[in-house]
Structures are given as structure tokens and as C-alpha cells.
Amino acid sequence: VSLLYWKAFELSALGPLAETCLIIFKEDFRTKVHGGYFDQYGIIRDIIQNHLLQVLCLVAMERPVSLNPEHIRDERVKVLESVVPISDDEVVLGQYEGCRDDPIVPDESNTPTFASVILRIHNERWEGVPFILKAGKALNSRKTEIRVQFKDVPDDIFKDVPHEIFQKFSGTVRSIEEMGFVSAYKPLETTYMKLMVYDRLRFDDSLYSNRNCPTGGGKKGVTIQDAYENLILGTIRGNQQQFVRRDELEIFTPLLHRIDRGEFKPLPYEAYGRGPKEVDELLRKAGYVETPIVVKSPGF
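Scoring rules and cut-offs
Residues numbered from 1 in each chain as written. Predicted model: local features only at pLDDT ≥ 70, side-chain atom pairs only at ≥ 80, totals over all residues. Heavy atoms only, no water. Helix = DSSP H or I, 4+ residues; strand = E, 2+ residues; numbered from the N terminus. Contact = heavy atoms within 4.5 Å. pLDDT = per-residue confidence, 0-100. Buried < 20%, exposed > 50% of the residue type's maximum accessible area, 1.4 Å probe, protein only. Salt bridge = Lys/Arg side-chain N within 4 Å of Asp/Glu carboxyl O. Arc of directions from axis to C-beta. Pairing = 2+ DSSP bridges. Core = buried A, V, L, I, M, F, W, Y, C linked by side-chain atoms within 4.5 Å.

Student: Is there a simple way to think about the overall build of the protein in this case?
Tutor: The number of helices and strands found in the protein is six helices and nine strands. Sequence separation of 24 or more characterises 75% of the internal contacts of the protein that already satisfy a separation of 6 or more.

Student: What's the story with the confidence of the model for the protein in this structure? I'm lost.
Tutor: The predicted coordinates should not be examined in detail at positions where pLDDT is low. For the protein, the mean per-residue pLDDT works out to 78, and 72% of the residues sit at or above 70. Considering only residues more than four positions removed or in separate chains, one finds that residues 163-177, a stretch of pLDDT under 50, has 28 contacts. When the criterion is pLDDT under 50, residues 293-300 qualifies, and its contacts beyond four places in sequence or with other chains add up to 19 contacts.

Student: Whenever I open this one, unusual backbone geometry confuses me. Can you help?
Tutor: A negative phi angle is the norm for most residues apart from glycine, just as the trans form is the norm for most peptide bonds. With a phi angle near 55°, Ala138 is a residue other than glycine that sits in the positive phi range. With respect to the helices and strands, Ala138 occurs in the loop between strand 4 (130-136) and strand 5 (143-150). Looking at Ala138, the relative accessible area reads 0%, which means it is buried. Positive phi, close to 65°, is recorded for Tyr272, a residue that is not glycine. Following the sequence through the fold, Tyr272 ends up in the loop between strand 9 (267-269) and helix 6 (278-286).

Student: It is not clear to me how the pattern of salt bridges should be interpreted in this structure. Could you clarify?
Tutor: Pairing between side chains of opposite charge can happen when the charged atoms of each approach one another. Within the structure shown, the criterion is met by 13 salt bridges. For Asp260, the salt bridge is made with Arg45, and the minimal N-O distance between the two is 2.7 Å. You can see Asp260 sitting in helix 5 (residues 253-260) and its partner Arg45 sitting in helix 2 (residues 35-60), a full 215 residues away along the chain. Through salt bridges that share partners, Asp88, Arg258, Arg261 and Glu263 make up one connected network.

Student: Teacher, can you tell me more about helix 5 here?
Tutor: Every α-helix carries 3.6 residues per turn, so stepping three or four residues along brings you back to the same face. Restricting attention to buried positions, one finds in helix 5 the residues Leu255, Leu256 and Ile259. For helix 5, the arc enclosing every buried residue in end-on projection is 100°, short of the 170-degree limit, so these residues lie on one face.

Student: Quick question: what am I supposed to make of the pairing of strand 3 (residues 114-120) here?
Tutor: Here is the key point about a regular strand: its side chains alternate between the two faces of the sheet. Of all seven residues that make up strand 3, six are buried, and the element is covered over most of its length. Sheet topology note: the strand 2 (residues 91-96)/strand 3 ladder contains four bridges and is antiparallel. Each bridged residue has a counterpart across the sheet, and for Val91 the counterpart in strand 3 is Val117.

Student: So what exactly am I meant to see when it comes to the pairing of strand 4 here?
Tutor: Judged by how many residues are buried, strand 4 sits mostly within the fold: seven of seven residues are covered. On strand 4, burial covers both faces: Pro130, Ile132, Lys134 and Gly136 on one face and Phe131, Leu133 and Ala135 on the other are all buried. As defined by bridge partners, strand 1 (residues 18-26) adjoins strand 4 across six bridges and the pair is classed as parallel. Note on strand 4: the bridge partner recorded for Phe25 is Ala135. Both strand 3 and strand 4 contribute to a ladder of seven bridges, which runs antiparallel. Across the sheet, Ala115 pairs through a bridge with Ala135, a residue of strand 4.

Student: Would you mind going over the nonpolar core with me for this structure?
Tutor: Generally speaking, nonpolar side chains in soluble globular proteins are found buried as a group. Ranked by size, the top nonpolar core spans 46 residues in total, and within it Ile44, Leu56, Leu119, Phe131, Leu133 and Phe252 carry the most contacts. Per element, the largest residue contribution to this core is 13 residues, and it comes from helix 2. Beyond its immediate chain neighbours, meaning those up to four positions away, Phe131 contacts Cys21, Leu56, Val59, Ala60, Val117, Ile118, Leu119, Ile121 and Trp126. If you look at the next biggest cluster of nonpolar residues, it comprises 17 residues, including Leu22, Ala138, Val279 and Tyr288.

Student: It is not clear to me how the environment of Arg245 should be interpreted in this structure. Could you clarify?
Tutor: Here Arg245 lies in the loop between helix 4 (227-237) and helix 5. When the C-alpha atoms of Arg245 and Asp74 are compared, they prove to be 9.5 Å apart, with 171 residues separating the residues in sequence. When residues no more than four places from it in sequence are discounted, the contact partners of Arg245 are Glu70, Arg73, Asp74 and Val77.

Right, here's the structure in full:
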């Protein structure tokens, strides 16, 4: 993830507008020949702690005073120091059925291949906004994206419009299509804003719009460097901007120790499915509303 790209949008300014922030990493394949390696680490150490947590920091951190790698990492640590301890009832772990069939994975393996964890940042900008980190293997699609869903307005001016994409705003009943900011990296790299708009020419047919802005990967003739290419290049140049510092790895330590001791058990889920069904309830409690990605995008 490019720091300049993120801070150009100044996503931290979305804090007061945000209802939830979902950061997703999904893979549609099993651990394959890496089963033995993966069983030693699990999805939290392999993906959430090393990757998704860094994305959370880029979204939530304030702009650094310079592009000096230490200034950048200092701002990331400020975010992590504001994260409250993880609550047990805001964690769902899973292990896909058949994972232990791998001959190099122990029959008694307690290693999660799926995890959904809610982190809460206790500071002025992000207070009350749950950050949902969700990652897993052997799921139904390959996807990496960030979704910031906006809060509902106090009184919706479209509430009396008889249109199929709306429900009456009342209590916890929301519009079917939630507004928000989405940045996707796989399978297509793009960024878009999901908004309700008023089209005076087609009032009853165009109340909802996606403003799509492809970022390199969505443009013909543009090649974006692979993530590991960027890391290797940073190493050659002595730039540690994209590397994790030791004091950035402490958030999940208590949870990981409990998993290692067998005190926190992963739930079984069907391979190539959506993950443990308990995740749906976790997202509902956090206030996240599942929405489709594309709805009549006018394009640019």
C-alpha cells in the first residue's frame, strides 16, 4: 500500500463520518504444500498481524511530519497504542474442514486458518468505530479490500421515495445499499465511493451511484509492482517504511498465547465457503451491513 496514495485521500478524516471499517483478506485455496509451515503460525501471525494491522494503521494514523521511515512508523505506533485490549466476544476463529488431512499437519492442530477480529481505537478521531479485520484461506473468493461505511444521516430526505433499493429509515433498519468508501486490491485494484445521489432526469431509477477510480491495475498498459518487489526494493535502498517494528506486534500477543495453549479453539467451516457462520453475527453486532460492490456505475 502506498503511503502517499493513502494520505492523499487523508482517510483519517473519515473517522467522524464512519460507522464501521472492514479490512478483508480472502484466499480461495488451501494451505497446500505449506501446511506444515502455516500450522506453526496460523492466519493471525501470517496475515492479520503482519499485513492487515499495517493497513489499519495507514487508514487511521495522522499524517507524519515527513516521509522519514521512523516518522511513519512512529505514527503507526501511536494508533496501536490507542487500541483497547481485544475482547473474547469480538473474535471468531475457524479452521476449514480437511485442513488436518495434510500429512504434515498434526491431527490435533489448533491453528486457525480463518479469523475475524474487531479492534477498537480509543482516540478522538476513531472513538466508537469498530475496525473489523477478517482473513481466511479456502474461502469462496479471492479478495483484498478496505470498506469504510458511513453513518446514516439523522433524517433521510429520500425516505418516502418508493424505490426498490430503499427501506424506511427506522431504528436499526437501514437502506439496503449502505454508503461508503471502498478501496479494493484483488482481484482488481480500484477505489470508489458509494453514494446516494439525486438525478433529476431519472429520479426513480438513479438514486444510487458508484464513483469508480481505477488505480493503475485497472488501467490498460499500467503495471503495478508486486508487493514483494516493493519490499525487496525498499531493502536495497535501506528504506524501512514498509517494515514492521517490534513495538507494532504486541496487539495480538495475549490472544496468540491463548491459542498456542489450546485455550481458544477454532470453529470448523466448509472449505471454499464463507467461513464460520458465527462471523455473520459478529459483523451484525459491530454494525456492518453487507452490500454488493457494483450498482449502476455511471463511470468516468
